[in-house]
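One-letter residues, chain by chain:
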Amino acid sequence: GLTAFGLINVFIPKDASESAPLPLSFLLCLIAVVFVFLGIHVYISALWHLASVISVLEPLCGLAAMAKSKQLLQGRTGTAATLVVSYFAVCGVTSLLFRAAVVKGRAEEGSFGLALPGRLLVGAVLLCVLVCVNLLGLLVQSVFYYACKAFHNQQIDRTALYEHLGGYLGEYVPLKSNIQMENL
């Protein structure tokens, strides 16, 4: 991949001395490119997440859902960016903790130095945290979809949504018989 370090290796000659600092203009350009890339990445992620909700809740899919997502994000891009960056940050911190506690060996630098039972316990806890974060992320995406619809004064047709999702609006009806597990 062409990361920031890859760009440095491409643009700095091999015979440059180790102590020679990078030109300030190059560093500023590199920082600008990284921030533009991150901004585009966050915007496309927000579009994608909102389009996934649209493809479930409306009879749109694919590029039509992406177009609707772009329309709904207008005026709410800052909020969407905050939500996406927060989600990425929590997932990143969880990943770093998992790497330090579970993946790295006890003697490696940056490791928590846990024995196997501790590593398994911390790994299970971090896995549960990541599952909860993902479920909360799905909930936030759905709520944000309705907030965008309300921001653009679009009506939410509950009857059409009910028919599209094949939901059940009646009273709760208990099962008539117990499910036999051995028959499954």
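Here is a short report on the structure shown in this document. Note that the structure is predicted; figures quoted are calculated from it, not measured. (Residues numbered from 1 in each chain as written. Predicted model: local features only at pLDDT ≥ 70, side-chain atom pairs only at ≥ 80, totals over all residues. Heavy atoms only, no water.)

1. Here we look at the packing of helix α2 (residues 24-57) against helix α3 (residues 63-73)
Any two packed helices are characterised by the angle at which their axes cross and by the distance between the axes. Note the following rule: For helices, the axis comes from a line fit to the C-alpha atoms of the stretch in contact; other axes are also lines fit to C-alpha atoms, and the angle between any two N-to-C directions lies between 0 and 180 degrees. We count a stretch as a helix when DSSP gives it H or I for four or more residues in a row; a strand needs E for two or more, and each element gets its number in order from the N terminus. Roughly parallel refers to an angle under 35 degrees, roughly antiparallel to one over 145, roughly perpendicular to one between 65 and 115, and oblique to any angle outside these ranges. For any pair of crossing helices, the crossing counts as left-handed if the nearer helix is rotated counterclockwise from the farther one by less than a right angle, and right-handed if it is rotated clockwise. Here a residue-residue contact requires only that any non-hydrogen atoms of the pair lie within 4.5 Å. Lys, Arg, Asp and Glu make up the charged group, whereas Ala, Val, Leu, Ile, Met, Phe, Trp, Tyr, Cys and Pro make up the nonpolar group; the residues left over, Gly among them, are polar.
Between α2 and α3, the least distance of the axes is 8 Å, while the angle of their chain directions is 115°. Considered as vectors, α2 and α3 are oriented roughly perpendicular to each other. Two packed elements cross with a definite hand, and for α2 against α3 that hand is right-handed. Side by side, α2 and α3 meet where Y43, A46, L47, W48, L50, A51, I54 and S55 of the first sit next to A65, M66, K68, S69, K70, L72 and L73 of the second. The residue makeup of the contact of α2 with α3, split by class, is 11 nonpolar, two polar and two charged.

2. So, the pattern of salt bridges
The cut-off we apply is this: When a carboxyl oxygen of Asp or Glu lies within 4 Å of a side-chain nitrogen of Lys or Arg, that pair is called a salt bridge. The buried label goes to any residue with under 20% of its type's maximum accessible area, the exposed label to any with over 50%, and the partly exposed label to all in between, with areas taken from a 1.4 Å probe on protein chains only.
Inspection of the entire model under this criterion finds two salt bridges. With its nearest N and O atoms 3.4 Å apart, the salt bridge here joins K149 to E58. One end of the pair, K149, is in helix α5 (residues 116-151); the other, E58, is in the loop between α2 and α3, and 91 residues separate them in sequence. Neither residue differs from the other here; K149 and E58 are each classed as buried. Several salt bridges converge on common partners, so that one network encompasses E58, K68 and K149.

3. A look at the nonpolar core
Inclusion rule: Throughout, nonpolar core names a set of buried Ala, Val, Leu, Ile, Met, Phe, Trp, Tyr and Cys residues whose side chains join them through atoms within 4.5 Å.
Among the nonpolar cores identified, the biggest contains 17 residues, and L50, I54, L72, L73, F144 and Y145 are the most heavily contacted of them. The set of elements that each furnish at least two residues to this core consists of α2, α3, α4 (77-103) and α5. Examining the composition of this core, we find that eight residues originate from one element, α2, more than from any other. What L73 contacts, discounting residues up to four positions off in sequence, is Y43, A46, L47, L50, A80 and F144.

4. Here's the deal with a nonpolar patch on the surface
Worth spelling out the cut-off: Surface patches are defined over residues having more than 30% relative accessible area and no salt bridge, joining like charges when they lie within 9 Å and nonpolar side chains (Val, Leu, Ile, Met, Phe, Trp, Tyr) when within 5 Å. Note that accessible areas follow from Shrake-Rupley with a 1.4 Å probe, and for residues the cover is restricted to the protein chains shown.
Together, L24, L28, I31, V34, F35, F37 and L38 make up an exposed nonpolar region whose accessible area comes to about 730 Å². Of note, L24 is situated in helix α2. Judged by its relative accessible area of 62%, L24 falls in the exposed class.

5. Section: the environment of L97
If you trace the backbone, L97 turns up in helix α4. Relative accessible area serves as the criterion here: at 36%, L97 is assigned to the partly exposed category. Linking L97 and V122, residues 25 residues apart in sequence, is a C-alpha distance of 9.1 Å. Look past the residues within four positions of L97 in its chain and what remains in contact with it is F112 and L126.

6. Here we look at unusual backbone geometry
Even without glycine at this site, N153 takes up a positive phi of about 55°. In this structure, N153 sits in the loop between α5 and α6 (158-165). By relative accessible area, which is 68% here, N153 ends up exposed.

7. What to know about α5
Rules: In a helix, the anticipated span is given by 1.5 Å times the number of residues less one.
Compared with an ideal rise of 1.5 Å per residue, which puts 36 residues at 52 Å, α5 spans 51 Å between its outermost C-alpha atoms and is within 8% of the ideal. Of the residues making up α5, those classed as buried are R119, G123, L126, V133, G137, Q141, F144, Y145, C148 and K149. In this structure, the buried residues of α5 make contact with α2, α3 and α4. Positive phi shows up at N153, right after α5, with a value of about 55°.

8. Overview of the packing of aromatic side chains
The condition that has to hold: Any two rings among Phe, Tyr and Trp, with Trp reduced to its six-membered ring, count as a pair given centres within 6.5 Å; such a pair is stacked if its planes are under 30 degrees apart, edge-to-face if over 60, and tilted if neither.
The full count for this structure, using the stated rule, is two aromatic pairs. With centroids separated by 5.0 Å and ring planes inclined at 65°, the aromatic side chains of Y145 and Y146 adopt a geometry described as edge-to-face. Look at Y145 and you get buried, because its relative accessible area is 3%.

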